[in-house]
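One letter stands for each residue in the lines below.
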Amino acid sequence: MDHLVTAQHLLIERLKEECNFLATLLEAISGRARWEHEEALQKTAQAWDEATRAKKSANELSAQCLQRAQLDEGARRRLQELVESGQADARRMMELLCRQSSIVRERDLLSNELHFLKAQLEPTRLKTDEAETMRNQLIPRIGVS
């Protein structure tokens, strides 16, 4: 019986040592699990913060894109207005140039006609001038007043 009590005491000692070892091991594992849990919480918080910043940045970029699209549309409309205005001005300019060309042609025709008529009148004028000269020469000789 003594032997049995000694064997039980040895068994109890071994079990105590094993319990202490397992308790230390459990505490180490628990500490590591707590540390990993804290680290996971921190990473989750960081990820949440990054996601929040990314969402805010995406919203700002979206707003900027909308503003840019509105500006582009306004510029596109203004450019179209300028093109249409330029085309209308070009049409008016062409009409004025055609009218000017027509007037210049008419002036040239009238000028040519005037030169032609002057050329036709020139011999008649010379004859009239000669007749007047002769008459002036004859009147003093004849004594007609």
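To be clear, the structure that these remarks concern was listed above.
With that settled, consider the overall build of the chain. Along the backbone of the chain there are one helix and zero strands. Taken as a whole, the chain presents about 13700 Å² of accessible surface, with 60% of it coming from carbon and sulfur.

Before going further, it helps to examine the pattern of salt bridges. Per the counting criterion, the structure on display carries eight salt bridges. Between Glu-73 and Arg-76 there is a salt bridge whose closest N-O contact spans 2.8 Å. Of this pair, Glu-73 and Arg-76 both sit in helix H1 (residues 2–142), three residues apart, roughly one helical turn. A cluster of three or more residues bridged by salt bridges with shared partners is formed by Glu-73, Arg-76 and Arg-77.

Next up on the list: a nonpolar patch on the surface. Side chains of Phe-21, Leu-22, Leu-25 and Ile-29 sit close together on the surface and give an oily, nonpolar patch of about 400 Å² of accessible area. Structurally, Leu-25 can be placed in helix H1.

Procedures and definitions
Residues numbered from 1 in each chain as written. Predicted model: local features only at pLDDT ≥ 70, side-chain atom pairs only at ≥ 80, totals over all residues. Heavy atoms only, no water. Helix = DSSP H or I, 4+ residues; strand = E, 2+ residues; numbered from the N terminus. Areas by Shrake-Rupley, 256 points an atom, 1.4 Å probe, with all protein chains shown as cover. Salt bridge = Lys/Arg side-chain N within 4 Å of Asp/Glu carboxyl O. Patch = residues over 30% accessible without salt bridge, like charges linked within 9 Å, V, L, I, M, F, W, Y side chains within 5 Å.

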